[in-house]
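Each chain is listed here by its residues.
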Amino acid sequence: MDTGTHIVMGIALGGLATIDPVVQSDPTLFHAVLVGTIIGSHAPDFDTIFKLKSNATYIRHHRGISHSIPAIVLWGLLISGIIHLFVPEASFLHLWLWTALAVIIHVFVDLFNAYGTQAFRPFSNNWIAFGFINTFDPYIFLLNVVGIFAWVLGAHPGYTWMTIYSVIVLYYIKRYMDKREIVKKIKEYYPNTLAIATSPTLKQNYWRVAITTEDRFYVGTAINGHIEILDEYSKVPLPDLTIMDVAKEDNNIASFLNFSPVYRWEINEYDHYTEVRFIDLRYRSKEYYPFVAVVKIDKHMNIMSSYTGWIFSEHKLQRKLFVEDYQI
């Protein structure tokens, strides 16, 4: 989920913590728990700091080890431990339990959007992305905000959050059923479907879909249950060429391939260099595919420049390739 949603969920969890008699009876502990749930609800996304190094490093690590099973345990202990240094009189057990729960909820809700996480590391490095909740879902955000205002105005936290969370659970079930219906229709059209990537949008009835069959990629939309195919590409394996081997060694390309399960590739030759481009097919927007990885290689098989990330025009992409030095 987005930062704003994680923060309001942290505040909401801090309000729910007042149903704990120990937290309710100790104002110092309550404030410590509230700080813990807010920080814990955002902590796994502290890996955003990798952007300072490079886009490739960020893409390779974002929602990776920071969302893993060991990290979930460590975040809870680290955050509650630091807070406890400032309020040693507060119950560490209750502080840790609520803070750890905030971290767990953060990772759990991230599983349901199209980006996903590597939450099962170190047992599996696979990306888990159920793809039926948008990264920012206005309904989930507003429900949490309504609950916070009701709690601040004096509503009983237990009844308030039981109601809010029950509605959110029903909403998740509804979105899951929406996706299941889309997947069912796609498989009726394409019985040899191998994989379907769904990306919900802010509009409840509008989804992006990327379909993989044995020999084709199909990119389209699902609007009010109607599937429309917008682009179609042959599924061509990466060629056994020296230039492709060189490209795959590039940090930006390697990060893209590690993250993107549905993509096509191009090799374009120019006077002084060859460009190898990879295009993620899951995020088509206004006839453009904004998530790419590109590398320029000279005639001596040296990498001149490369880039991976979100880009919304060819002009900006070429500017990135021109100004950014290659980083190993």
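Residues numbered from 1 in each chain as written. Predicted model: local features only at pLDDT ≥ 70, side-chain atom pairs only at ≥ 80, totals over all residues. Heavy atoms only, no water.

In the nomenclature of an unreviewed UniProt entry, the protein is known as Metal-dependent hydrolase of Oceanobacillus chungangensis.

Looking only at helices and strands, the protein features 11 helices and 8 strands. With the C-alpha coordinates aligned to their principal axes, the bounding extent of the protein is approximately 75 × 45 × 35 Å. Relative to its full complement of 328 residues, the protein shows a buried share of 50%. Of the contacts formed within the protein by residues at least 6 apart in sequence, a portion of 53% connects residues at least 24 apart. Approximately 16,600 Å² of the protein is accessible, and the part contributed by carbon and sulfur atoms is 63%. Seen as two clouds, the 27 positive and the 30 negative side-chain charges of the protein have centres 4 Å apart. (Helix = DSSP H or I, 4+ residues; strand = E, 2+ residues; numbered from the N terminus. Buried < 20%, exposed > 50% of the residue type's maximum accessible area, 1.4 Å probe, protein only. Contact = heavy atoms within 4.5 Å. Areas by Shrake-Rupley, 256 points an atom, 1.4 Å probe, with all protein chains shown as cover. Lys, Arg positive; Asp, Glu negative; His and termini not counted. Charge placed at Lys NZ, Arg CZ, Asp CG, Glu CD.)

Attention now goes to a nonpolar patch on the surface. A cluster of nonpolar residues, V169, L170, I173, Y176 and M177, forms a patch on the protein surface that exposes about 470 Å² of accessible area. The topology assignment puts Y176 in helix α8 (residues 157–189). On the basis of relative accessibility, which here comes to 39%, the residue Y176 falls in the partly exposed class. (Patch = residues over 30% accessible without salt bridge, like charges linked within 9 Å, V, L, I, M, F, W, Y side chains within 5 Å. Salt bridge = Lys/Arg side-chain N within 4 Å of Asp/Glu carboxyl O.)

This next bit is on the UniProt feature "transmembrane region" (unreviewed entry) in the protein. UniProt feature "transmembrane region" (unreviewed entry): in the numbering of this structure it lies at residues 69–87, 93–115, 127–153 and 159–177. Spanning residues 93–115, this segment combines 78% helix with 0% strand, and its end C-alpha atoms are found 33 Å apart. Segment residues 159–177 splits into 100% helix and 0% strand. End C-alpha atoms: 27 Å apart. (UniProt positions renumbered as here; feature names shortened; annotations may be inferred.)

With that out of the way, let us pick up the sheet that holds strand β1 (residues 195–200). Taken in spatial order, the 4 strands line up as β1-β2-β3-β4 in an open sheet, and their pairing is antiparallel. The open sheet terminates on both sides in strands that have one partner only, identified here as β1 and β4 (226–234). Neighbour to neighbour, the strand axes of the sheet diverge by 20° on average, direction disregarded. Inspection of the sheet shows β1 paired to strand β2 (residues 206–212) by 6 bridges, in the antiparallel sense. Bridging across to β2, T198 finds its partner in V209. Across the sheet, α8 is in contact with β1, β2, β3 (216–223) and β4; its angle to β2 comes to roughly 45°. (Pairing = 2+ DSSP bridges. Axes fitted to C-alpha atoms, helices over the stretch in contact; angles between N-to-C directions.)

Here the focus is the pairing of strand β6 (residues 273–280). Burial within β6 is extensive, with 8 of its 8 residues counted as buried. On β6, burial covers both faces: Y273, E275, R277 and I279 on one face and T274, V276, F278 and D280 on the other are all buried. Strand direction decides the pairing type here: strand β5 (residues 263–269) and β6, joined by 7 bridges, are antiparallel. In the strand pairing of β6, N268 is matched with E275. The pairing of β6 with strand β7 (residues 291–298) spans 7 bridges and is antiparallel. Of the residues in β7, the one forming a bridge with V276 is V295.

Right, let's get into helix α7 (residues 138–152). Its 15 residues place the ends of α7 21 Å apart at the C-alpha level, agreeing with the 21 Å of an ideal helix rising 1.5 Å per residue. Turning to α7, its buried residues number three or more, namely I140, N144, V145, G147, I148 and W151. What you see down the axis of α7 is that its buried residues fit within an arc of 160°, all on one side. Structurally, α7 contributes buried residues whose contacts are with α1 (3–16), α3 (27–42) and α8. (Expected span 1.5 Å × (residues − 1). Arc of directions from axis to C-beta.)

Residues I133, Y172 and I186 are the most contacted members of the largest nonpolar core, which totals 53 residues. When residues of this core are traced back to their parent elements, those giving at least two are α1, α3, α5 (69–86), α6 (92–110), α7, α8, β2 and β3. For this core, the element with the highest residue contribution is α8, accounting for 8 residues. A domain-level breakdown of this core finds at least three residues from each of domain 1 (3–174) and domain 2 (185–234). I186 has contacts with T193, I196, V209, I211 and I227, leaving out every residue within four places of it along the chain. Counting residues in hydrophobic clusters, the runner-up holds 20 residues, among them W127, I253, F278 and F291. (Core = buried A, V, L, I, M, F, W, Y, C linked by side-chain atoms within 4.5 Å. Domains from an automatic or database assignment.)

Now for the packing of α1 against α8. Put simply, α1 and α8 touch, their axes get as near as 9 Å, and they point 140° apart. The angle between the axes of α1 and α8 places the two elements in the oblique class. Between α1 and α8, the contacting residues are A12, L13, G15 and L16 on the first element and P157, W161 and Y165 on the second. Its residues assigned to classes, the contact of α1 with α8 shows 6 nonpolar, 1 polar and no charged. (Parallel < 35°, antiparallel > 145°, perpendicular 65-115°, else oblique. Nonpolar A, V, L, I, M, F, W, Y, C, P; charged D, E, K, R; others polar.)

Let us look at the environment of P239. Note on placement: P239 falls in the loop between β4 and α9 (242–249). The sequence separation of P239 and A155 amounts to 84 residues, and the corresponding C-alpha distance is 63 Å. Here P239 is in contact with M244, W265 and I267, once residues within four sequence places are set aside.

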